[in-house]
Amino acid sequence: MEKISSSTEAASSDAKISSIFIYPIKSCRGISVPHAPLTPTVIKAPGIDVLKVSLSKPPEIADGVSVWEWSGSALDEGDEASKWFTNYLGKPSRLVRFNAASETRPVDHLYADGHIVMFSDQYPFMLLSQESMDALNKLLKEPVPVNRFRPNILVDGCEPFSEDLWTEIKISQFSFQGVKLCSRCKVPTINQDTAIAGPEPNETLKKVRSDKVLRPDRKQQGKIYFGQNLVCKESLTEGKGKVVKVGDPIFVLQKVSSAAEAAA
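Here we summarise the structure given alongside this text. (Residues numbered from 1 in each chain as written. Predicted model: local features only at pLDDT ≥ 70, side-chain atom pairs only at ≥ 80, totals over all residues. Heavy atoms only, no water.)

**Notes on the pattern of salt bridges**
What counts is decided by this rule: Whenever Lys or Arg places a side-chain nitrogen within 4 Å of a carboxyl oxygen from Asp or Glu, that contact is recorded as a salt bridge. A run of H or I in DSSP counts as a helix once it spans at least four residues, and a run of E counts as a strand once it spans at least two, with each numbered from the N terminus. Categorising residues by exposure relies on relative accessible area from a 1.4 Å probe, with only protein chains included: less than 20% of the type maximum marks a residue as buried, more than 50% marks it as exposed, and the intermediate range marks it as partly exposed.
One pass over the full model with this rule turns up ten salt bridges. For aspartate 121, the salt bridge is made with lysine 26, and the minimal N-O distance between the two is 2.5 Å. Of the two residues, aspartate 121 sits in the loop between helix H2 (109–112) and strand S9 (125–129) while lysine 26 sits in the loop between strand S2 (15–22) and strand S3 (31–33), which places them 95 residues apart along the sequence. According to the relative accessible area criterion, aspartate 121 is partly exposed, its value standing at 35%. When its relative accessible area of 37% is taken as the criterion, lysine 26 is described as partly exposed.

Next up, the structure:
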C-alpha cells in the first residue's frame, strides 16, 4: 500500500466533489444537494397526491423491521404514510425510520470494525467518479445516468476507476476510509424514472468489472464492482457543522496499486 504525504495545505487535489446525493428513503429517488441539510421530506409519485413527512421524531414503534442480516425495531411514520405507500405499491406497507436511540446496525467488522450504518445496504457512504461513468458509457449502446448507481459522493478530475485504489482520502477536514469495492446488484439495470429493468449496464460490467477481470487471482464470487464504499474515520455524532460540499477537493492519503489489491 502506498502512503502519500498527509499534508494537504500545499498539495494539489486528486479530484473534487462534483455532486452530492442523499437518499432519505431506502430504494427511492435520490436528491442532489450542494451541502444544505434536508428540510421536511416531500414524496411524490405519478397519479397520487403528494405525501409530506415531518422530520420530527414519530411517536410509534414498529417491530420486526429487517434489512439483510439485521432485524430490530424502527420508528413508524404513521397511518397517512402507510396508506400512501400501500395505495401506490398495491400491498400493505409501512414507512419507518431508523431508531438510532435504541438500535445499532454495525457494518461488516472484517472491513470496517466499529462503524455503523442505518438502512443503507452495507456502508454509510459510496463514492464514484464521473470519469468512471464516462468510461462505462463509452462501452454502452445507450448511456445511463449516474442515478443508476446511487452514489453519495460523485467526484471528477481523476482517471477512470481511480477510486478503486483509494484506501484513505481527506475531504474538507474529514478523513474517509475506502473499505471495499462496491459490488453491484440488479438496481443499476432499473431505469430510475420508469422503474423498467433491462440487461444493461450489468451485462457490460460483467465483461469489464467482474472479479474474474479485476481480481483473477482472488477467490471468485461472481460479482461486479463499480464505486468505492466509505466510512468516515471521525465521529459524526459529536458537534455541529460537519459538512462536505460540492467543490470540496479530494486528497488521497493512501492507496493500493491495483484493483486486485483492493478489498472487495
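**Let's talk about the pairing of S9**
How we decide: DSSP-based pairing: two strands are paired if at least 2 bridges between them are found. Every crossover in which the path from the first strand over the helix to the second runs clockwise, viewed with the strands pointing away from the viewer, is termed right-handed.
The buried fraction of S9 is high, at four of five residues. As defined by bridge partners, S9 adjoins strand S13 (residues 225–232) across three bridges and the pair is classed as antiparallel. Within the sheet, the bridge partner assigned to leucine 127 lies in S13 and is glutamine 228. By the bridge criterion, three bridges tie S9 to strand S10 (residues 153–156) in an arrangement that is parallel. Following the sheet pairing, leucine 128 is matched in S10 by leucine 154. Viewed along the sheet, the connection from S9 through helix H3 (residues 130–139) into S10 turns out right-handed.

**So, the environment of valine 246**
How we decide: Whether two residues are in contact is decided by their heavy atoms, any of which lying within 4.5 Å being enough.
You can see valine 246 is positioned in the loop between S13 and strand S14 (249–255). A residue is classified by how much of its surface remains accessible, and valine 246, at 37% relative accessible area, is partly exposed. Valine 246 sits 95 residues away from proline 151 along the chain, and the two C-alpha atoms are 14 Å apart. Excluding residues that lie within four positions of it along the chain, valine 246 makes contacts with Ile17, Ser18, Ser19, Ile20, Val33 and Pro34.

**With respect to the sheet that holds strand S6 (residues 60–67)**
This is how it is decided: Helix axes use the C-alpha atoms of the stretch in contact, all axes being lines fitted to C-alpha atoms, and the angles between their N-to-C directions lie in the range 0 to 180 degrees.
Judged by pairing direction, the sheet is antiparallel, and its three strands sit side by side in the order S6-S7-S8 without closing on themselves. Two strands close off the open sheet at either side, each with one partner strand: S6 and strand S8 (96–98). On average, each strand axis in the sheet is tilted by 50 degrees relative to the strand beside it, whichever way the strands run. Where strand S7 (residues 70–76) meets S8, three bridges bridge the pair, whose relative direction is antiparallel. Residue pairing for S8: alanine 74 is matched across the bridge by phenylalanine 98.

**Digging into the state of the cysteines**
Put simply, the rule is: Any cysteine sulfur atom paired with another within 2.5 Å is treated as part of a disulfide.
For the structure shown, the criterion picks out zero disulfides. There is no disulfide at cysteine 28, and the cysteine sulfur nearest it, in cysteine 185, is 15 Å away. Cysteine 158 forms no disulfide, and the closest cysteine sulfur to it belongs to cysteine 182, at a distance of 16 Å. When its relative accessible area of 10% is taken as the criterion, cysteine 158 is described as buried.

**Brief notes about the environment of asparagine 99**
As for its position among the elements, asparagine 99 is in the loop between S8 and H2. Along the primary structure asparagine 99 and leucine 128 are separated by 29 residues, whereas in three dimensions their C-alpha atoms are 29 Å apart. The residues touching asparagine 99, leaving out its near neighbours within four places in the chain, are Ile61, Ser73, Ala74 and Leu75.

**Some thoughts on the packing of aromatic side chains**
The cut-off we apply is this: Here a Phe, Tyr or Trp ring, Trp counted by its six-membered ring, pairs with any other such ring whose centre lies within 6.5 Å, and the pair is stacked when the planes are under 30 degrees apart, edge-to-face when over 60, and tilted otherwise. In this analysis the charged atom, NZ for Lys or CZ for Arg, is taken to sit over a ring once it is within 6 Å of the ring centre and within 35 degrees of the ring normal.
Under the counting rule described, the total for this entry stands at eight aromatic pairs. Ring plane angle 70 degrees and centroid distance 4.9 Å describe the contact between tryptophan 84 and phenylalanine 85, whose orientation is recorded as edge-to-face. For the ring pair phenylalanine 161 and phenylalanine 226, a centre distance of 6.1 Å and an interplane angle of 70 degrees mean the geometry is edge-to-face. Of the two residues, phenylalanine 161 sits in the loop between S10 and strand S11 (166–171) while phenylalanine 226 sits in strand S13, which places them 65 residues apart along the sequence. Look at phenylalanine 161 and you get partly exposed, because its relative accessible area is 23%. We classify phenylalanine 226 as buried; its relative accessible area is 0%. Directly above the ring of tyrosine 111 sits lysine 180, whose terminal nitrogen or CZ lies 5.2 Å from the centroid.

**Digging into the nonpolar core**
Test applied: As used here, the term nonpolar core means buried Ala, Val, Leu, Ile, Met, Phe, Trp, Tyr and Cys residues forming a set that is joined through side-chain atoms within 4.5 Å.
Membership of the largest hydrophobic core comes to 26 residues, with the highest contact counts inside it found for Ile17, Val155, Trp166, Ile169, Ile171 and Ile250. The set of elements that each furnish at least two residues to this core consists of S2, S10, S11, strand S12 (174–183), S13 and S14. Excluding anything up to four places from it in sequence, isoleucine 171 contacts Ile17, Ile153, Phe176, Val244, Asp248, Pro249 and Ile250. Leu136, Leu140, Phe149 and Leu154 belong to the second largest nonpolar core, which has twelve residues in total.

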